[in-house]
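# Coordinate analysis (summary)
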Amino acid sequence: RKLLKKNMRHLEELGKVEVAVVLIGPALGMIKFDALTATKVQDAIAAGARFVACGNSMKAQGLTKDDMIDRIDIARAGYVELMRLQQLGWTYLRP
C-alpha cells in the first residue's frame, strides 16, 4: 500500500505518463475487491493507471474476474505481458 502511494506521488511529478502495473502471484491480493488496497488501486485507475492481472496466477489461486475490483485487465500470462510491453518500448520498473 505504501509503495503504491509513494509511486503515484512520483508519477505526478513526471506529468503525463502511461503506467501499467502487472500483478503476478501473491500480488493479485492487492486488486481483489475486498483488499485493503482496493480504494487506492481504484484511485490509481481513475488517474489513468492500468492494472493487469496474470491469468495463470488467477487460475492457480482459484480467482475469477468477479473476485477482482472493476476495470482491471487480465493477461493470459503476466510475464508475457511484461515482455510485450517492453517490446513496445515500455520501461520495466521492479519495486
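Thresholds applied
- Residues numbered from 1 in each chain as written.
- Predicted model: local features only at pLDDT ≥ 70, side-chain atom pairs only at ≥ 80, totals over all residues.
- Heavy atoms only, no water.
- Helix = DSSP H or I, 4+ residues; strand = E, 2+ residues; numbered from the N terminus.
- Buried < 20%, exposed > 50% of the residue type's maximum accessible area, 1.4 Å probe, protein only.
- Contact = heavy atoms within 4.5 Å.
- Areas by Shrake-Rupley, 256 points an atom, 1.4 Å probe, with all protein chains shown as cover.
- Core = buried A, V, L, I, M, F, W, Y, C linked by side-chain atoms within 4.5 Å.
- Arc of directions from axis to C-beta.

## Some thoughts on the overall build of the protein
The helix and strand tally for the protein stands at four helices and three strands. In the protein, the succession of α and β elements from N to C terminus is α-β-α-β-α-β-α. Burial analysis of the protein (95 residues in total) assigns 34% to the buried set. If you take every contact in the protein between residues at least 6 apart in sequence, the share linking residues at least 24 apart comes to 62%. Approximately 6800 Å² of the protein is accessible, and the part contributed by carbon and sulfur atoms is 53%.

## Quick look at the nonpolar core
Counting residues in each nonpolar core, the largest one holds 16 residues, and the members touching the most others are Leu28, Ile31, Phe51, Met68, Ile69 and Ile72. Per-element tally for this core: the top contributor is helix H2 (residues 38-46), with four residues. Each residue touching Met68, except ones within four places of it in the same chain, is listed here: Leu28, Ile31, Lys32, Phe33, Met58 and Leu63. The next biggest cluster of nonpolar side chains, apart from the first, holds seven residues, and it includes Ile24, Val52, Ala75 and Leu85.

## Some words on the side chain of Ser57
Tracing the backbone through its elements, the reader meets Ser57 in helix H3 (residues 55-60). Leave out the neighbours within four places in its chain, and Ser57 touches Ile24, Gly25 and Leu28.

## Overview of H2
Every buried residue of H2 is listed here: Ala38, Val41, Ala44 and Ile45. Down the axis of H2, the buried side of the element spans an arc of 125 degrees, and every buried residue falls inside it. Positive phi shows up at Gly48, right after H2, with a value of about 115 degrees.

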